[in-house]
Amino acid sequence: MKIEWIEGRTLDGKVPPGPLHQKWQYFKDHQKLVAPNNKRKLEIIVVGTGLAGGSAAAALGELGYQVKCFTFHDSPRRAHSIAAQGGINAAKNYQNDGDTIFRLFYDTIKGGDYRSREANVYRLAEISLQIIDHCVAIGVPFAREYGGYLANRSFGGVQVQRTFYAKGQTGQQLLLGVYQSLNRQIARGTVTMYNRHELVDIVIIDGQARGIIVRNLLTGQLERHGAHAVVLATGGYGNIYYLSTNAMGSNVSAAWKAVRRGALMANPCFVQIHPTCIPESGEYQSKLTLMSESLRNDGRVWVPKKMDDVLAIRNKQKNPRDIPPEDRDYFLERMYPAFGNLVPRDVAARAIKKVCDEGRGVNATSRAVFLDFEDAIIRYGKSEASLRGITNPDPHTIRQLGKEVIKAKYGNLFQMYEKITGVNPYEQPMTIYPAVHYTMGGLWVDYELQTNIPGLFALGECNFSDHGANRLGASALMQGLADGFFIIPYTISHYLADKIRLPKTDTNHPAFDEAEERARQRFEKLLSIQGDQPVEYFHRQLGKIMWNYAGISRTAESLLQAAENIRTLREEFWKNVFIPGKIDELNPELDKANRVADFLELGELIAIDAYHRNESCGGHFREEYQTPDGEPLRNDDQYAYVAAWEWTDTSKPPILHKEPLVFENVKPSTRSYK
Amino acid sequence: MKLTLKIWRQKNAQDKGHFETYEVDAHEDMSFLEMLDVLNERLIRQKKDPIAFDYDCREGICGACSMVINGKPHGPLPGTTTCQLHMRHFKDGDTIWVEPFRAAAFPVIKDLMVDRSAFERIMQAGGYISVNTGSAPEANSIPVPKPIADKAFDAAACIGCGACVAACPNGAAMLFVAAKISHLGLLPHGQPERYIRARKMVERMYLEGFGNCTNIGACEAECPKEISLEHIARMNRWFAKASLIETEEA
Ligand SMILES: Cc1cc2nc3c(=O)[nH]c(=O)nc-3n(C[C@H](O)[C@H](O)[C@H](O)COP(=O)(O)OP(=O)(O)OC[C@H]3O[C@@H](n4cnc5c(N)ncnc54)[C@H](O)[C@@H]3O)c2cc1C
Ligand code: SF4
Ligand code: FES
């Protein structure tokens, strides 16, 4: 068993000339424009209505293009962006605490462990200011101070307060703002909306993206749609791990269809695992729920030292409260005395997995550790008592007062936790475990957000562009809106300026016949297998392989194993999957099978990418490459590049194209948490 | 725990539909939808047609899930969507009745899945602020008093699930429509279109076949996001004002 690939070419990111802070201005000063009367003649397809796709469709509609927008959801408002909790960054410096565009740029590049393109990240930081202005104008009810001005909070590791938020529902409020703008364009007739329609193939004519094939999910009918350009904003692929914090429907298929038609998949092995999620409670588990990072400010992470105690807790014979402090292992504090419980996401996730692998996980599945607020409750209770002038408070009063403080800080999270687990986290420690959360990898795009296929653009989580090997908190929402509202309207005009004489796409073109036929055959094939295992079985198996062999930490050996197991599973899938129902009707199992079939290919590519990258950086931790004290060891001499994979035929090895990463404005250094 | 499920099965909008009985063995830590997942996996293994239902986030925020459980939209727990309802709230031996959201304006697609596209058309009728990308003033140039911002947020928390409609004996969509009218009309940025928005959205609501409000309050009681009836009062005021302004202008 081995992993092979073919060396390809060097890619050009098309970064504009000039100093970093003038590159975007330079592009806008020199780009080609399309006159209003011509815009009306040009058609653009936007797939996806999350923050990226919804904002793109709205902004392009406002400009007067004829937009057709697609989502597999029953409403644009249900895109996965709706679930984002914490907030969105912008370098407004409203707090007067020294924030600047450069600082946001620097934090993002460094947080990404120096694996992203400088020019893109700088532009993102610049645009962050306009995003907040626009979102307020479209009606996003951000949190405010008593004076009526916008409030901020701080987020993951940075030293300034630059995060804008709407309670714990920032994604919801931003997406609803975008949805409203989109609805306005639908009403104006500039955007035609196709809900419950799923992209199943991309049509390329004369080397340019000219249309898509979609499946009407209610009827099963395949439809053809043509355009002068196609924009994909179809989200991330975290669900390849089966269990993740993503919405259940999130999938890679649109991006993967692009790959099969020749687009490049960049850095697929860069996957972010979030340390604090509510653990699995059994085999029936369908998804995992995030518990915000902020909890680690006050929660202490521990497992028992003694196996007897571990087993007693699992069997519910012992209450964790009764384990004395000396028998507890506060392992983050032990392993990382300088940062303690507040080590970065990847470090915490790896440590938690390690103690669970040792067999010390505290729930029935052995995949959980405690996140305990008892000490914080007592600490806050004492200080609150003294603030209120209560002398000699009894333990009960202290706990009561402490719980009130905790409730004010984290009330909604504690409530969500209790709803899901049935355990009251004010009385018992929370149990948490890491889960897949976000995918930094995605379709390769140049500075203009165009893939290597002319006319095919990719926005939001489905591209790879801004977060390198690790994404900082509150920056995905920022990227989605930057891409959709403020970048694509410029760069797509630049592309379309040459296309004003190109007639509307003829959907009777043989390329459409071919693509539709290919899609039909695939669905027929899936249905004809009539094997013994439901789709869910294969997805669950794939998730286990990905998690165990290409998850929090990886080795060359584990990745070889992953690739082999995935190939075997893929073969089994195509021989033994059972899908009920027919092709020409509502058939959610068939749709799911179509998505899982793509995950079964992407999984192998993730393993290949992770295997080829002989270094540890950000979310990609190769056990062979660590410092003596267990920190990730980057290799800038050999791997300071974007790995962009071409893989149109999965029976052959993929081709590795490289975009060198040049750092002219920051100096890559070792991320240190000591 | 052993449960008996009486689940509404309906092939399509034309089919009359009927309840079918299933016995399931559930775990108390399962969510209600996970319990149905397990049942569906069993049905598929038996080469039978699985039960169709909508879902996506399973965190109570996307608004996709939509079932009437024991006569209540989203089930017995207040302030909780179907996906956040867990089996520990049921007892061994229980019989549970599961139906789709029923309303004239929400035709059944299949089983527990309904067509809520009428909501889309109401939103398209006026549920927005008319501002183009690029023309926004600096974000802090218009302060919004915190109580107003908070109230707007409370209204904006609506997830568009439609439980309010399913709960209402008249099949009215007042709470859903009022939440959006209130959210946008309260904010200074939404002022210019406050009355016209109310008129356009309310008119569209009636056109879609939603019923009249007779102040029963079932919507508020069943709303998983606990949206307040006060928004309906506000909508009615603004709607009345819209007609007044138009008469004056005529
Ligand atoms: C629990 C959670 C909390 C988060 N919190 C934060 C946060 O606080 N701050 C932050 O910055 N980020 C956060 N993130 C990350 C952030 O939410 C996402 O990265 C971002 O919302 C992705 O937006 P998007 O527009 O790229 O894609 P999505 O919102 O995933 O939208 C994808 C769209 O594409 C459509 N689609 C997909 N495939 C097809 C197809 N084949 N055919 C038709 N349509 C298709 C879908 O229907 C959907 O409309 C969080 C993520 C999670 C999981
Ligand atoms: S008002 Fe409440 S019940 Fe009605 S759609 Fe909104 S969230 Fe659902
Ligand atoms: S599945 Fe999203 S609210 Fe229930």
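Residues numbered from 1 in each chain as written. Chains lettered and ligands numbered in written order. Predicted model: local features only at pLDDT ≥ 70, side-chain atom pairs only at ≥ 80, totals over all residues. Heavy atoms only, no water.

Draft legend 1. The arrangement of the overall build of chain A in detail. When helices and strands are counted, chain A shows 18 helices and 20 strands. At 25 Å, chain A has a C-alpha radius of gyration in line with the 26 Å of a compact globule built from 674 residues. Taking the principal axes of its C-alpha atoms as reference, chain A extends roughly 85 × 60 × 50 Å. At a minimum sequence separation of 6, the contacts of chain A that also span at least 24 residues come to 75%. Accessible area of chain A: about 23100 Å², with a carbon and sulfur share of 49%. If the 81 positive side-chain charges of chain A are averaged to one point and the 78 negative ones to another, these points end up 3 Å apart. (Helix = DSSP H or I, 4+ residues; strand = E, 2+ residues; numbered from the N terminus. Rg over C-alpha atoms; globule rule 2.2 N^0.38 Å. Contact = heavy atoms within 4.5 Å. Areas by Shrake-Rupley, 256 points an atom, 1.4 Å probe, with all protein chains shown as cover. Lys, Arg positive; Asp, Glu negative; His and termini not counted. Charge placed at Lys NZ, Arg CZ, Asp CG, Glu CD.)

Draft legend 2. Region of interest: the pairing of strand E3 (residues 66-70) of chain A. Residue and element names in this part refer to chain A. In terms of burial, E3 is a largely internal element, four of the five residues being buried. As paired elements, strand E2 (residues 43-47) and E3 share five bridges and run parallel to each other. Opposite Ile 44, over in E3, you have Val 67 as the bridge partner. On the question of chirality, the crossover connecting E2 to the parallel E3 by way of helix H3 (residues 51-63) is right-handed. In the sheet, E3 pairs with strand E6 (residues 191-194) via four bridges, with the strands oriented parallel. The residue of E6 that forms the bridge with Cys 69 is Met 193. (Buried < 20%, exposed > 50% of the residue type's maximum accessible area, 1.4 Å probe, protein only. Pairing = 2+ DSSP bridges. Right-handed = clockwise from strand over helix to strand, strands pointing away.)

Draft legend 3. Just the site of ligand 2, in detail. Looking at ligand 2, the residues that line it are Cys 158, Ile 159, Gly 160, Cys 161, Gly 162, Ala 163, Cys 164, Leu 175, Phe 176, Cys 223, Pro 224 and Ile 227 of chain B. At the level of secondary structure, the elements contributing two or more residues to the shell around ligand 2 comprise helix H4 (163-167) and helix H5 (174-186) of chain B. (Near = heavy atom within 4 Å.)

Draft legend 4. Structural view of the pattern of salt bridges. Residues and elements named next belong to chain A. Under the counting rule described, the total for this entry stands at 81 salt bridges over all chains. Salt-bridge contacts for Lys 32 lead to Asp 498; the nearest nitrogen and oxygen are separated by 3.2 Å. Separated by 466 residues along the polypeptide, Lys 32 in the loop between helix H1 (23-30) and helix H2 (36-39) and Asp 498 in the loop between helix H13 (476-496) and helix H14 (510-529) bring together distant segments of the chain. A salt bridge links Glu 516 to Arg 520; its shortest N-O distance comes to 2.5 Å. Of this pair, Glu 516 and Arg 520 both sit in helix H14, four residues apart, which is roughly one turn of the helix. The class of Glu 516 is buried, set by a relative accessible area of 12%. Linked through salt bridges whose partners overlap, the residues forming this network are Arg 321, Arg 328, Asp 372, Glu 374, Arg 399, Lys 403 and Glu 427. (Salt bridge = Lys/Arg side-chain N within 4 Å of Asp/Glu carboxyl O.)

Draft legend 5. Summary view of the domain arrangement of chain A. All names here are of chain A. Taken as a whole, chain A is organised into domain 1 (275-435) and domain 2 (510-640). Put simply, the middle of domain 1 and the middle of domain 2, counted by C-alpha atoms, are 33 Å apart. In this assembly, eleven residues from domain 1 lie in contact with nine residues from domain 2. It is Glu 283, Arg 350 and Lys 353 that lose the most area in domain 1 upon contact with domain 2, and together they represent 57% of the buried surface on that side. (Domains from an automatic or database assignment. Buried area = accessible area lost by both parts, 1.4 Å probe.)

Draft legend 6. Focus on unusual backbone geometry. Positive phi, normally seen in glycine, also occurs at Leu 449 of chain A, with a value near 65°. For Glu 226 of chain B, which is not glycine, the phi torsion reads 50° and is therefore positive. Relative to the helices and strands, Glu 226 of chain B resides in the loop between helix H7 (218-222) and helix H8 (230-249).

Draft legend 7. Looking closely at the state of the cysteines. Residues and elements named next belong to chain A. What the rule picks out here adds up to zero disulfides over all chains. Cys 462 carries a free sulfur, and the closest cysteine sulfur to it, the one in Cys 69, is 13 Å from it. For Cys 462, a relative accessible area of 2% puts it in the buried group. (Disulfide = S-S within 2.5 Å.)

Draft legend 8. Region of the structure containing the site of ligand 1. All names here are of chain A. Taken together, 38 residues sit near ligand 1, with Thr 71, His 73, Ser 81, Gly 86 and Glu 461 positioned nearest. The side chain of His 73 places a nitrogen or oxygen atom 2.8 Å from an oxygen atom of ligand 1. Note that a nitrogen atom of ligand 1 is positioned 2.8 Å from one of the backbone N or O atoms of Leu 199. The protein chains hide 98% of the 1000 Å² of surface that ligand 1 would expose on its own. At the level of elements, H3, strand E7 (197-205), strand E16 (430-439) and H13 are the ones that each hand at least two residues to the shell around ligand 1. (Polar contact = N/O pair within 3.5 Å; in protein donor to acceptor, adjacent residues only side chain to side chain.)

Draft legend 9. Examining helix H5 (residues 118-138) of chain A more closely. All names here are of chain A. Counted at 1.5 Å a residue, the expected span for H5 with its 21 residues is 30 Å, and the 30 Å between its end C-alpha atoms agrees. The largest bend along H5 measures about 35° and falls at Ile 127. Of all 21 residues in H5, 18 are buried, a share of seventy percent or more. Taken from the residues just after H5, Gly 139 is the one with a positive phi, measuring 105°. (Expected span 1.5 Å × (residues − 1). Bend = angle between axes of the 7 residues up to and from the residue.)

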